Amino acid sequence: MSRTVGIAGAGLIGRMTALALHHEGWSVTLFDRDQQAGTNSCSYVGAGMLTPLAELEKAEPLITEMGLWSLEAWAALIDRLPEPVFFERHGSLVVAHQQDQRELEAFRTQVQRKNTTSARLHELDRRGLAELEPELAPRFARALFLEPEGQLEPRMLLPALAKALQAADVTWHHATPVTSVAPGVLETDNARFDFDLVLDCRGLGARSDWADLRGVRGEIVRLHAPEVRLSRPVRLMHPRYPIYITPRPQGQVLIGATQIESDDMGAVTVRSALELLSAAYSLHPGFAEARILETRVHCRPALPDNNPALRDETGLLRVNGCYRHGFLIAPALVAAVTAFAAGRAAPYPALFHPSSSTAHQGR
Amino acid sequence: MWHLPECRDLSRLLIGTALYPSPEIMRRSIEASGADVVTVSLRRQNPTDGGGEQFWDYIKDLGKRILPNTAGCRSVKEAITVAQMAREVFGTPWIKLEVIGDDYNLQPDPVGLLEATEELIKQGFEVFPYTTDDLVLCTRLAEAGCKTVMPWASPIGSGQGLLNPFNLEMIRKRLPHISLIVDAGIGKPSDAVRALEMGYDGVLINSAVALAQDPVAMATAFGGAVAAGRLAYEAGVMPKRNFASPSTPTVGTPFWHGEPS
């Protein structure tokens, strides 16, 4: 008889873990407060940037290692899904306006200084930029090219994962919030379920179990911009947070995301909208007549070191703190979770925290 | 601020809490800096909805004195509202008052600053005004009742260092009984040393540490710089001279070598 696992939370990590454990022969039950479309999850608002090298500017080398491994894993994983998912790896570009050139230089030195991998960053002059993105070359004399990077479309990935889970006969209690998790036990408003293993992937929904978890507000704008032809994500240097302007299928362009220390889930503010839209317009004049399709807001679950963490007790594993790196590292994180569940030596041992401590633990 | 008996021994380095790679690196940087006072901004975290509570809890957990600021406020009314909110969130009458007058270099609005200062002092706040290095304005702020005045060295976040040491020295000489803190524009530890050597009571930094490639190491460097600068001020810097004065007699030198040619 196969072992049973109950998973609380069907965002990106919950879905991916469910599918991975199903493939390993587990009998999987999924619980989520949202519908299967997942439109209210933090993952749905994420931009799906797969930029392991660029993240080194602020993140630890662990994130880059997990991100590079995940890029390879995504290709194989998306291939096996029952629906097509937009996924590309043409590298990414980083550019800065004239007055922010020093920021670009600081970014370059920081990334090169912290990089422990063989992934490379190239400096491009105007001619080099014109070869990759001809429409940007008139405005920018210089760019950085981060060769291994890529992106995917979360709005195609989440439904494709749902379809794969349905095909796999995974039991999915949607619109069913989990009220508590304990070793081997998962409770909803009106029922109690017993499993061999319980996985908590609820992100900010698990806040009461993680003393130091916080929300970091992110805002994105989605445009229809047929006059703009870009082939890869472009990161524009900004004094407070990185802004990506990234092409999506059907002439769409995603701009995001802001990064504000707040749990506020209210609509996009004027200031944020101005910052995001002016970033796009300053990159390419073709954005002037683009249509604003929508703006979205969500809060990323983050721990004090902005790294993900796994807290294990016998019969219960809690996963949290993906911060702005969910799509970037998901395959690697899920590999660690499934190895742990199977009792194998898990990769990335630094992710595992003792269950009694919730934070303030330098590693 | 060092005029208060309970503040006499506080570090002369004040440090901000914005722009760090993570709250954990922020915590380690602040520890490494030896700072006893940290500044924190409320403006963008939607405090009316309880927005930034967890982040503020991290800051409260540092166990440091908190100096909330009104960063990003562009009007007197806005600055006063944020100050009142800060008093509630952090339970302190201290407020670092910023009223920004120019969006490009974030230069304080001197007229609005003085007006907001007078109002907040009336409401019982201990106001730390962030101001340009204008002697008359600094004097008026002191007359309004500020015990600490914080002139800039150069625009916020610019890292340009002490652009007008002449003005800063004049303010120091003319306001001997006011605590003076160089607030903005410090880029490297030597800037902090200079300010302290000049007799400034302290410096306030944020970007210089948060945006360094290794914030924790840079925080340690600033801790040392501030200690060195203060000690040098207390020790008394020797007077500058316009000629060389050997500290050992030049007995072996033929006298004509010392003659003007």
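Worth saying up front: this structure is predicted, and the values here are computed from it rather than measured.

**Side note on the overall build of chain B**
Part 1 of the argument: Counting secondary structure elements, chain B contains nine helices and eight strands.
Part 2 of the argument: Counting every position in chain B, which comprises 261 residues, the buried fraction comes to 52%.
Part 3 of the argument: Look at the contacts in chain B between residues 6 or more apart in sequence, and 65% of them connect residues 24 or more apart.

**Observations regarding the confidence of the model for chain A**
Atomic detail in the predicted coordinates should be set aside for any region of low pLDDT.
Residue and element names in this part refer to chain A.
Part 1 of the argument: Averaged over all residues, the pLDDT of chain A is 93; the fraction at 70 or higher stands at 97%.
Part 2 of the argument: When mean pLDDT is compared element by element in chain A, strand β13 (residues 197-200) scores highest at 98, while strand β21 (residues 352-354) scores lowest at 85.
Part 3 of the argument: Across residues 356-363 the pLDDT falls below 50, and counting only partners more than four positions away or on other chains, this stretch makes 18 contacts in the model.

**Looking at the sheet that holds strand β10 (residues 178-182) of chain A**
All names here are of chain A.
Part 1 of the argument: With respect to topology, three strands assemble into an open sheet ordered β10-β11-β12, the strand pairing being antiparallel. Each edge of the open sheet carries a strand with a single partner, namely β10 and β12 (191-194). Strand-to-strand twist of the sheet, defined as the mean angle between neighbouring strand axes without regard to direction, takes the value 15 degrees.
Part 2 of the argument: Looking at chain direction, strand β11 (residues 185-188) and β12 are connected through four bridges and run antiparallel. If you follow Val185 over to β12, its bridge partner there is Asp194.

**What about the packing of helix α4 (residues 110-122) of chain B against helix α5 (residues 135-143) of chain B?**
Residue and element names in this part refer to chain B.
Part 1 of the argument: Between α4 and α5, the shortest axis-to-axis distance is 10 Å and the interhelical angle comes to 10 degrees. Of the possible angle classes, the one that applies to α4 and α5 is roughly parallel. In this structure, α4 uses Pro110, Leu113, Leu114 and Thr117 to contact α5, whose residues at the interface are Leu137, Arg140 and Leu141.
Part 2 of the argument: In the contact of α4 with α5, the residues fall into five nonpolar, one polar and one charged.

So, how was this worked out
- Residues numbered from 1 in each chain as written.
- Chains lettered and ligands numbered in written order.
- Predicted model: local features only at pLDDT ≥ 70, side-chain atom pairs only at ≥ 80, totals over all residues.
- Heavy atoms only, no water.
- Helix = DSSP H or I, 4+ residues; strand = E, 2+ residues; numbered from the N terminus.
- Buried < 20%, exposed > 50% of the residue type's maximum accessible area, 1.4 Å probe, protein only.
- Contact = heavy atoms within 4.5 Å.
- pLDDT = per-residue confidence, 0-100.
- Pairing = 2+ DSSP bridges.
- Axes fitted to C-alpha atoms, helices over the stretch in contact; angles between N-to-C directions.
- Parallel < 35°, antiparallel > 145°, perpendicular 65-115°, else oblique.
- Nonpolar A, V, L, I, M, F, W, Y, C, P; charged D, E, K, R; others polar.

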